[in-house]
Amino acid sequence: MRPAYSPRISKTRFLAGRQCHRLLWWTVHDAEELEVDAGVSATLAQGLLVGEEARRQFHHGALVDVPHNDIDERIKRTRSLLRAGAKVIFEAAFRHAGVFVAVDVLRRHGSGWDVIEVKSSTKLKKEHVVDVAVQRWVIERCGLRVKRAFVMHLSRDSRAPEMSNLFALKSVTAASKALARDVAKEARAQLRMLRGPLPEVDVGAHCTDPRPCPFLDRCHDDVEEHHVSTLHGIGSRALGLVARGITNVADLDEGAVRSVAAQRQIRAVKTRKIVVEPGLRRVVKRLRKKRIALFDLETVAFAVPRFSGCRPWDQVPAQASIDVEARDGTLKHHEFLATCDEDPRPELARFVIERLRGADTILCWNAGFERRCLQEIGNAFPELRRPLRGLSRRIVDLLSIVREHVYHPKFYGSFSLKSVAPALVPRLSYDELAVGGGQAASAMLFRLFNDVTLTKRQRRRIRDDLLAYCALDTRAMAGVLRALRRLAR
Ligand code: SF4
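The rules behind the values
- Residues numbered from 1 in each chain as written.
- Predicted model: local features only at pLDDT ≥ 70, side-chain atom pairs only at ≥ 80, totals over all residues.
- Helix = DSSP H or I, 4+ residues; strand = E, 2+ residues; numbered from the N terminus.
- Buried ≥ 20, exposed ≤ 12 C-beta atoms within 10 Å, placed from the backbone.
- Contact = placed C-beta atoms within 7 Å.
- Near = placed C-beta within 6 Å.
- Nonpolar A, V, L, I, M, F, W, Y, C, P; charged D, E, K, R; others polar.
- Arc of directions from axis to C-beta.
- Domains from an automatic or database assignment.

**Points about the overall build of the protein chain**
Item 1. From N to C terminus, the protein chain includes 18 helices and 14 strands.
Item 2. C-alpha extents for the protein chain along the principal axes are approximately 80 × 60 × 45 Å.
Item 3. Across the 489 residues in the protein chain, those meeting the buried criterion constitute 36%.
Item 4. Across the protein chain, every contact between residues at least 6 apart in sequence was considered, and the portion connecting residues at least 24 apart equals 66%.

**Details of unusual backbone geometry**
Item 1. With omega at 10°, the peptide bond leading from Ala-160 into Pro-161 counts as cis.
Item 2. Note that the residue after Asp-209, namely Pro-210, is joined by a cis bond; omega there is 10°.
Item 3. Assignment of secondary structure puts Pro-210 in the loop between α7 (180–195) and α8 (216–220).
Item 4. Positive phi, normally seen in glycine, also occurs at His-60, with a value near 55°.
Item 5. Secondary-structure assignment places His-60 in the loop between α3 (38–55) and β2 (62–63).

**A closer look at the site of the ligand**
Item 1. Surrounding the ligand, one finds Cys-20, Arg-22, Leu-23, Val-201, Val-203, His-206, Cys-207, Cys-213, Phe-215, Leu-216 and Cys-219.
Item 2. Breaking the shell around the ligand down by element, the ones donating at least two residues are α2 (21–29) and α8.
Item 3. Tallied by class, the residues present in the shell around the ligand amount to 9 nonpolar, 1 polar and 1 charged.

**Description of helix α15 (residues 398–405)**
Residues separated by three or four positions in an α-helix point in the same direction, a consequence of the helix having 3.6 residues per turn.
Item 1. Taken together, the buried positions of α15 are Leu-398, Leu-399, Ile-401, Val-402 and His-405. For α15, the arc enclosing every buried residue in end-on projection is 160°, short of the 170-degree limit, so these residues lie on one face.

**With respect to the domain arrangement of the protein chain**
Item 1. Partitioning the protein chain into structural domains gives domain 1 (9–195), domain 2 (223–271) and domain 3 (279–488).
Item 2. Relative to domain 3, the C-alpha centre of domain 2 lies at a distance of 31 Å.
Item 3. Across the boundary between the two partners, domain 2 contributes 8 residues, which contact 6 residues of domain 3.
Item 4. Residue composition of the side of domain 2 that touches domain 3, by class: 4 nonpolar, 3 polar and 1 charged.

Below you can see the structure in the form of structure tokens.
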């Protein structure tokens, strides 16, 4: 006879279950979507670096240094450190009633203990308190007295290379204690649910809050085209509309929404035609006779800042793609990708200053980002400030031009370049690329900087994928510009 299934949950799974039981059930029983990709492994690697840095803030701590999957051994080692009178334990492991937790820092405090949860974020979040409450509940059931509880998160006040104020410590003693009873009840409910079949849960705001559910596609696969949730800027208000029986963008009146872009979207979906405002002609005319360049930056962010003057999670530009338009409309491509062994900012800045020298108008997608990057490089390297300011003054936002003048039904409420370009530019697609978007590019850049185990071949492959991705962004912008000129006629 098969032994009865006895589910176990970790702190992370508890938090998933708190968001949605269906999400937890799939996480435990059928989690194809949770395979580790570049983004996840970069997040894990950043977390490890933050953890190491956090441990440096405590003296004479003992680490429960046991392979992650060997839960029994981790608990055994923790017990022996407690018996030996350890004052500070890192990764102390406990289990109670099927719930397993590992405490980032467990510190003796008088006759009891401090629980300290280390976070890579730069502020305290509600979910962190729940996280600590789970730990408190398990630890106290295992016989330890928790006197105080803290979240230790990164502080944006710190700047490399000064690391003494890298962390901020926030007390969550009272808040985590108040949640303990809820935690016990919820943990029992989750374990009971996991023994049964997949639970029925309606989609709703919990699908993206506090974090996007990895199983979104499974629950949303039968959602109709132009569902109200795709209305530009609608957010969680879509739930109210659905509750009133309004499920499609075409069911809405233009007067029901304030955003002009959303009004255009309703018009485009109802008429199934692209909407073009007459003002587009004037904007396109202004660009005529200008020497135009298309410009895109990709950045890498470090939780523990690496380069002088940077704060935790600052975006450091490490890659650039530039297409300069000749009089006959042909494009000359230039690209830069950091060597990833030193601060890329000065070399990248010199590259863009040189290659954009002849351009009167520099088109970017969501130009505020590129302007901010150039400004921050200028702040860090005063000798580059003037030419970078000159560049910033010539930057024009192509996204704003589209958002204010054009709506194609296939934008589906989004003005990201990945939504706009395939709708306006025939045969343009991002589907074949190995890099799925800006976040994936950032994760791969982080890997190039951080992963010393990469072989030469792997490194070359990642670089090629990144170059192809960034080049497509400027090519896509050039395609959108051509489409705007055509539409203006
Ligand atoms: S998509 Fe929503 S309903 Fe479906 S599992 Fe995720 S959170 Fe739950």
